[in-house]
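# Coordinate analysis (summary)
The primary structure of each chain is shown beneath.
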Amino acid sequence: MASELIHRHHDEIRSESNPISYSDKPSKPRLPIAKPIRYLLNEQRLLFLVIGIALAALIFTATKSADYSRHQTDAFQVSGLESYQIENRVGYGGVGSVVRTGGKVPLGLKSKGLRIVVTGGAGFVGSHLVDRLIARGDSVIVVDNFFTGRKENVMHHFGNPRFEMIRHDVVEPILLEVDQIYHLACPASPVHYKFNPVKTIKTNVVGTLNMLGLAKRVGARFLLTSTSEVYGDPLQHPQVETYWGNVNPIGVRSCYDEGKRTAETLTMDYHRGAGVEVRIARIFNTYGPRMCIDDGRVVSNFVAQALRKEPLTVYGDGKQTRSFQYVSDLVEGLMRLMEGEHVGPFNLGNPGEFTMLELAQVVQETIDPNAKIEFRPNTEDDPHKRKPDISRAKELLGWEPKVPLRKGLPLMVQDFRQRIFGDLKSEDTNTA
């Protein structure tokens, strides 16, 4: 009994000296994130991590800046320019202005070419205008149905990334994103516009409406190429822009004459009513390379007939007068008008006046002194006199024609000779 008590007492003492604790909840394990934190804090590893992140951010920023600068340089680069333009277009009720700064282009700042649509751009005047715009560094979209235009006139631009051509009739709407619209689309010679007079007036009216609508939608500046035919058979000589004309509204030429007058009306109504920036040019007789050979206009008629050894056809008594400007002068006037601040209309023509007989004599001197002249009855509604007063263009545009008839005509003759006889015949003639 005594030994049992001693043994129990000994167990109690041992239990008190080595207590065992019990708990209903197990102890929580240490978080796994503690070890990485202790690792970073040891030996300044956190400092090195921060420095690495900063260096990576710096390299990324520098790379992005270099790419952006290179993109901006490519976007603004225009070859052959020695000056740059900064264009500020004012919206409704305002007038567009152009700021030109001469001298060398500052590093990193070069002119951005415009995106321009030229309707009738494969035609005689249109193709020369396209040449100038492309040379200036603009991107050009030619819209033409090739009724009188020729692909050969613009083939030398095929493959140029800044040139596009769309076969399209402006009588149907078209959607484009452009900065400027040169609206030249319409047959301009009597032979062509009399061929389908209803289509001619539709082109002048509906086509102009469509292009004005496009200009309104995209905020583009619009230039209408009107004509001296709006003066009809003028009673005022020379003709100034304020003269309202003397036009037969039911004659065989009315589809063109009245069509252009209506186009001018629509242009001014869009300007006054919708705030569209517009320009109006009234073009007088123009000649030069790429004219249609058999379009019925007097210069092309005389040149083609003289080259073919045919009599030069003079209608009436040959005392009717016309003024003739070379195509490069006209293109210069159109571009100055588009970039200027004045709506117009402006007469663009050469005030040098020639009778039909005098023109025939110049053609004889240039091509064949032995060419004969043949007189025929005059055509209906043929104007007796036509001479522009270009005082307004001189004053406000700083423009006047530079190429005289006797200098420009040989250039046209060379082009006609090659197209009529071909390269081989042209070489043989030059050799002789």
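The rules we used
Residues numbered from 1 in each chain as written. Predicted model: local features only at pLDDT ≥ 70, side-chain atom pairs only at ≥ 80, totals over all residues. Heavy atoms only, no water. UniProt positions renumbered as here; feature names shortened; annotations may be inferred. Buried < 20%, exposed > 50% of the residue type's maximum accessible area, 1.4 Å probe, protein only. Helix = DSSP H or I, 4+ residues; strand = E, 2+ residues; numbered from the N terminus. Pairing = 2+ DSSP bridges. Right-handed = clockwise from strand over helix to strand, strands pointing away. pLDDT = per-residue confidence, 0-100. Contact = heavy atoms within 4.5 Å. Axes fitted to C-alpha atoms, helices over the stretch in contact; angles between N-to-C directions. Parallel < 35°, antiparallel > 145°, perpendicular 65-115°, else oblique. Left-handed = near helix turned anticlockwise from the far one by under 90°. Nonpolar A, V, L, I, M, F, W, Y, C, P; charged D, E, K, R; others polar. Salt bridge = Lys/Arg side-chain N within 4 Å of Asp/Glu carboxyl O. Expected span 1.5 Å × (residues − 1). Phe/Tyr/Trp six-rings, centres within 6.5 Å; stacked < 30°, edge-to-face > 60°. Lys NZ or Arg CZ within 6 Å of the ring centre and 35° of its normal. Lys, Arg positive; Asp, Glu negative; His and termini not counted.

Per an unreviewed UniProt entry, the chain goes by the name UDP-glucuronate decarboxylase and belongs to Kalanchoe fedtschenkoi. Quoted straight from UniProt, the Subcellular location (unreviewed entry) entry for the chain says "Golgi apparatus, Golgi stack membrane". Database annotation for the chain, UniProt heading Cofactor (unreviewed entry): "NAD(+)".

## Side note on the pairing of strand S3 (residues 115-119)
Of all the five residues making up S3, four are buried; the element is thus mostly covered by neighbouring parts of the structure. By the bridge criterion, five bridges tie S3 to strand S4 (residues 139-144) in an arrangement that is parallel. Opposite Val118, over in S4, you have Val142 as the bridge partner. A crossover connection joins S3 to the parallel S4 through helix H4 (residues 124-136); in handedness this β-α-β unit is right-handed. With four bridges connecting them, S3 and strand S6 (residues 180-183) associate as parallel partners. Bridged to Thr119 within S6 is His183.

## So, the confidence of the model for the chain
Confidence along the chain averages 81 in pLDDT terms, with 75% of residues attaining 70 or more. In this model, residues 18-23 is a region of pLDDT below 50 whose contacts with residues beyond four sequence positions or in other chains number zero contacts. For the stretch residues 68-110, pLDDT sits under 50, and the model shows 64 contacts to residues farther than four places along the chain or on other chains.

## Describing the side chain of His192
By the element assignment, His192 lies in helix H5 (residues 190-193). Discounting residues that sit within four places of it in the chain, His192 has contacts with Phe147, Thr148, Pro187, Thr200, Cys292 and Asp295.

## Details of the packing of helix H8 (residues 298-307) against helix H10 (residues 356-366)
Working note: a packed helix pair is described by the angle between its axes plus the distance between those axes. Contact pair H8 / H10: the axes reach a minimum separation of 10 Å and the direction vectors enclose 40 degrees. It follows that H8 is oblique to H10 by the angle criterion. Between H8 and H10 the crossing geometry is right-handed. Between H8 and H10, the residues in contact are Val298, Val299, Phe302, Val303 and Ala306 and Met356, Leu359, Ala360 and Val363, respectively. Here the contact of H8 with H10 is built from residues that sort into nine nonpolar, no polar and no charged.

## Remarks on the pattern of salt bridges
This structure, assessed with the given rule, holds 20 salt bridges. Across the salt bridge formed by Glu264 and Arg282, the nearest N and O atoms sit 2.8 Å from each other. One end of the pair, Glu264, is in helix H7 (residues 254-274); the other, Arg282, is in strand S8 (residues 278-283), with 18 residues separating them in the sequence. Across the salt bridge formed by Asp294 and Arg308, the nearest N and O atoms sit 3.1 Å from each other. Placement of the pair is Asp294 in the loop between strand S9 (286-287) and H8 and Arg308 in the loop between H8 and strand S10 (312-315), with a sequence separation of 14 residues.

## Some remarks on helix H6 (residues 197-218)
Over its 22 residues, H6 extends 31 Å from the first C-alpha to the last, a length consistent with the 32 Å expected when each residue adds 1.5 Å. Those residues of H6 not exposed but buried are Thr200, Thr203, Asn204, Gly207, Thr208, Asn210, Met211, Leu212, Gly213, Leu214 and Ala215. On the buried face of H6, the contacting elements are S3, S6, H5, strand S7 (221-227), H7 and S8. A positive backbone phi angle near 70 degrees is found at Gly219, which sits one or two residues after H6.

## Quick word on the sheet that holds S4
Read across the open sheet, the seven strands follow the order S5-S4-S3-S6-S7-S8-S13; overall the sheet is parallel. Edge positions in the sheet fall to strand S5 (163-167) and strand S13 (346-348), since each of these pairs with one other strand and no more. With strand direction ignored, the average angle separating the axes of adjacent strands in the sheet is 20 degrees. Across the sheet, H4 lies against S3, S4, S5 and S6, angled at about 170 degrees from S3, the strand it touches most. Set on the sheet, helix H9 (residues 327-339) makes contact with S6, S7, S8 and S13; between it and S7 the angle comes to about 140 degrees.

## Quick word on the packing of aromatic side chains
Tallied over the full model, the rule gives seven aromatic pairs. Relative to Tyr256, the ring of Tyr193 lies with its centre 4.5 Å away and its plane at 5 degrees, an arrangement referred to as stacked. Of the two residues, Tyr193 is situated in helix H5 and Tyr256 in helix H7; the sequence distance between them amounts to 63 residues. When sorted by exposure, Tyr193 lands in the same class as Tyr256, which is buried. A ring pair is formed by Tyr231 and Tyr243, whose centres lie 6.0 Å apart and whose planes are at 20 degrees; its orientation type is stacked. Note that Tyr231 is positioned in the loop between S7 and H7 and Tyr243 in the loop between S7 and H7, a separation of twelve residues in sequence. For Tyr243, a relative accessible area of 13% puts it in the buried group. These aromatic residues form a ring-pair network of at least three members: Tyr231, Tyr243 and Phe284. A cation over a ring is seen here: Arg392 above Phe346, with NZ or CZ 4.9 Å from the ring centre.

## Things to note about the side chain of Asp257
Within the element layout of this structure, Asp257 appears in helix H7. Within the buried set, Asp257 has no salt-bridge partner at all; the shortest N-O distance to an opposite charge, 4.5 Å, is to Arg253. Leaving out residues up to four positions away in the same chain, Asp257 has contacts with Glu229, Val230 and Val247.

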